[in-house]
Amino acid sequence: MNRTTLSLIAAAAALAAVTGFAAVNAPAGGDGVTAAKRLPVERTRLLCPEPSTSDLAETTYTAFTPTSEAAGRAGGAALFPVVKQLTDAPQGGKGKGAKPFLTQKEPGKPVSGEESGAEAPTLIGSADGRLAPGWTAQQTTSVSAGAGRGLHGTNCTAPDTDFWFPGASTAKGRNDYVHLMNPDDAAAVVDVELYGPGGALKAEVGESIQIQPRSSVPVLLSTLTPKPQTNLTMHVTARSGRVAAAVQSSDDELGGDWLPAAADPAPRLVLPGIPKDATSVRLVAFAPGADDADLKVQLASPTGSITPAGHETLHVKSGMTTAVDLGDVTKGEAGSLVLTPTEDPVPVVAALRVTRGKGTKQETAFIPATAPVGARATVADNRAKGTTLSLTAPDKTTRVKVTASPGTEAGEPTSKTYTVKQGTTLAVAPPVPAGLKGSYALTLEPQSDAPVHASRMLEIPENGIPMFTIQSLPDDRGTVEVPKAKQDLKVLQRG
């Protein structure tokens, strides 16, 4: 067997290690070419950041795996507490073998747990077997007063090596922390880069941040640059290993929420689910490549696509953060922002900061550019009241099946199919399980190949403040495509 054959077999083995399935397990065609096939993942890993430093914080964790036809052993899923790394001293590994905070034993039924005060830890979780495909965890924290008061919600994040966060800030009165979480048994090394309206900011302390195994590092962004910056784009990259990253934003006057990572840079972006009563919307965009980007700005409203007056286009200079205040762009109707190139396609990243309420009763949340739902999307911790689902079909009219799971305590599953017209946003109260007790999960399944983008808003008003949080709903990564083999191994061996 020659070296070429060995290299191809090694590549197939590496693919099997990543996806949980070897490419050679897919059915082969008559010409010796292996057919592409989507197969369920066998293992999923998620990380939930430390929810709050406030003694008034009340945090709910909910985990859920949709029911599917995934084969294999029953498996299991659990979330474990991990170490918060405050210094460079090795502290990793303490989470290993710890008592699980939350366990799940069967797909189709969500489980939840609660934690009070500032001692709630970072959680690391894994699911395997039938519980792995589409496994989702949601963290929802209510802070009634003080710094960062409001409703902070985030989907727990899968580890990766590259994250973009347009919409971060180091302005006066704003405290943004990036939480860097390492799920693995080896240390990770991470760089944090900041880009303002004038370009890259010098931040040497953001280079080569070491995260010990199975631990978490919170980094206050204002410590990375001496001059306050109202609008920033942050880029997190792993030099070695992999991490999960999430930004928690706290504003002295406007409350706070989690800023999730935006979708990968792309020429066209969809930012779904601006609430109908938004009093202020700020768009932050960044072009990471060598070329400037010129974008057409449109709002997908309930009745069709419209162009916001005075904000028809947006010019984004290469390597510089651009921000524009769109005001109450929705004018009392729910909508989604769609950005498309006016000329040459240039990849960009973007996010929205959305404000509801007025005066001292304001609250904020973030909507990043979001990938399409894909085959299926899943979101946990929905409530009987205060849940709004937003669906946007930028290209073609499509239908989406939405299934409500049983409740964490009681309730019968139910489903409903919605039609989303081309160029519109449909904002609805989703189906609720009959006899619901506790919270429940939603799964979204498009009924055609037309792309649909989605988000979920959860609102829990308190003391006259419209506390809310918004989570975007990309594909839940329950399956992975095993690519075609371009040549038969026997052919290569003969060569």
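For the structure itself, consult the block above.
Nothing here was measured: the structure is a model prediction, and the numbers come from that model.

Asks: Any chance you could break down the overall build of the protein chain for me, citing the residues and the numbers?
Replies: A count of helical and extended segments in the protein chain gives two helices and 39 strands. Across the protein chain, contacts joining residues at least 24 apart in sequence account for 80% of those joining residues at least 6 apart. Summed over its atoms, the accessible surface of the protein chain is roughly 21000 Å², and 51% of this surface lies on carbon and sulfur atoms.

Asks: Please provide a residue-by-residue account of the pattern of salt bridges, values included.
Replies: For the structure shown, the criterion picks out 13 salt bridges. Arg-242 serves as the salt-bridge partner of Asp-184, at 2.9 Å between the closest nitrogen and oxygen. Separated by 58 residues along the polypeptide, Asp-184 in the loop between strand S12 (174-182) and strand S13 (188-196) and Arg-242 in the loop between strand S17 (232-240) and strand S18 (244-251) bring together distant segments of the chain. The partner of Asp-328 in a salt bridge is Lys-331, and the shortest N-O contact between them spans 3.2 Å. With relative accessibility at 64%, the residue Lys-331 sits in the exposed group.

Asks: So what's going on with empty space enclosed by the protein? Which residues, and what values?
Replies: Across all of its chains, the model carries one cavity of 30 Å³ or more by this definition. The calculated volume of the largest cavity comes to roughly 30 Å³. Together, Gly-167, Arg-174, Thr-230, Asn-231, Arg-282, Val-284 and Arg-353 line the largest cavity. Looking at the lining of the largest cavity, its residues break down into one nonpolar, three polar and three charged.

Asks: Describe in detail unusual backbone geometry, supporting the description with residues and values.
Replies: Unusually for a residue other than glycine, Asp-381 sits at a positive phi of about 60°. By the element assignment, Asp-381 lies in strand S29 (residues 377-382). Look at Asn-463: it is not a glycine, yet its phi comes out positive at around 55°. By secondary structure assignment, the location of Asn-463 is in the loop between strand S37 (453-459) and strand S38 (468-472).

Asks: If you had to explain the sheet that holds strand S3 (residues 57-64) to someone new, which residues and values would you point to?
Replies: The four strands are arranged S7-S3-S9-S10 in an open sheet whose pairing can be described as antiparallel. In this open sheet, the two strands that pair with only one neighbour each are strand S7 (111-116) and strand S10 (150-155). Between one strand axis and the next, the sheet turns through 15° on average, direction left out of account. Direction of pairing for S3 relative to S7: antiparallel, over a ladder of six bridges. The residue of S7 that forms the bridge with Ala-63 is Val-111.

Asks: Any chance you could break down the state of the cysteines for me, citing the residues and the numbers?
Replies: A covalent bond bridging the sulfur atoms of two cysteines is what the word disulfide describes. Evaluated as defined, the whole model comprises one disulfide. Residue pairing for Cys-48: its cysteine sulfur links by disulfide to Cys-156, the two sulfurs lying 2.0 Å apart. Across the disulfide from Cys-48 to Cys-156, rotation about the S-S bond amounts to roughly 105°, and the bridge is consequently right-handed. With Cys-48 in strand S2 (residues 43-48) and Cys-156 in the loop between S10 and strand S11 (162-168), this residue pair connects regions lying 108 residues apart in the sequence. Grouping residues by exposure puts Cys-48 and Cys-156 together as buried.

Asks: Help me get a handle on a negative patch on the surface, residues and values and all.
Replies: Taken together, the side chains of Asp-291, Asp-292, Asp-294, Glu-343 and Asp-344 make up a negatively charged region of the molecular surface. Relative to the elements of secondary structure, Asp-292 occurs in the loop between strand S21 (278-286) and strand S22 (293-300). Residue classification places Asp-292 among the partly exposed positions, given a relative accessible area of 36%.

Asks: So what's going on with the sheet that holds S38? Residues and values would help.
Replies: Across the sheet, four strands lie side by side as S34-S30-S37-S38; this open sheet has antiparallel pairing. Only two strands of the sheet have a single partner each, and these edge strands are strand S34 (424-428) and S38. The mean inter-strand angle of the sheet, taken between neighbouring strand axes irrespective of direction, is 20°. Relative to S37, strand S30 (residues 387-393) runs antiparallel, the two being bridged by six bridges. Counted as the bridge partner of Thr-392 is His-453 from S37.

Asks: If you had to explain the nonpolar core to someone new, which residues and values would you point to?
Replies: Core analysis: the largest hydrophobic core is formed by 31 residues, its most contacted members being Leu-271, Leu-283, Leu-337, Leu-339 and Leu-352. Other than its neighbours up to four places away in sequence, Leu-339 contacts Pro-267, Arg-268, Leu-269, Leu-271, Leu-283, Leu-295, Lys-296, Val-297 and Ala-350. Val-178, Val-192, Leu-194 and Leu-232 belong to the second-largest nonpolar core, a separate cluster that totals 25 residues.

Rules behind the numbers
- Residues numbered from 1 in each chain as written.
- Predicted model: local features only at pLDDT ≥ 70, side-chain atom pairs only at ≥ 80, totals over all residues.
- Heavy atoms only, no water.
- Helix = DSSP H or I, 4+ residues; strand = E, 2+ residues; numbered from the N terminus.
- Contact = heavy atoms within 4.5 Å.
- Areas by Shrake-Rupley, 256 points an atom, 1.4 Å probe, with all protein chains shown as cover.
- Salt bridge = Lys/Arg side-chain N within 4 Å of Asp/Glu carboxyl O.
- Buried < 20%, exposed > 50% of the residue type's maximum accessible area, 1.4 Å probe, protein only.
- 1 Å grid on protein atoms, 1.4 Å probe; cavity = no way out; pocket = protein on both sides within 12 Å on 5 of 7 lines; lining within 4 Å.
- Points joined across faces, edges and corners; volume = space filled by probe spheres on them.
- Nonpolar A, V, L, I, M, F, W, Y, C, P; charged D, E, K, R; others polar.
- Pairing = 2+ DSSP bridges.
- Axes fitted to C-alpha atoms, helices over the stretch in contact; angles between N-to-C directions.
- Disulfide = S-S within 2.5 Å.
- Patch = residues over 30% accessible without salt bridge, like charges linked within 9 Å, V, L, I, M, F, W, Y side chains within 5 Å.
- Lys, Arg positive; Asp, Glu negative; His and termini not counted.
- Charge placed at Lys NZ, Arg CZ, Asp CG, Glu CD.
- Core = buried A, V, L, I, M, F, W, Y, C linked by side-chain atoms within 4.5 Å.

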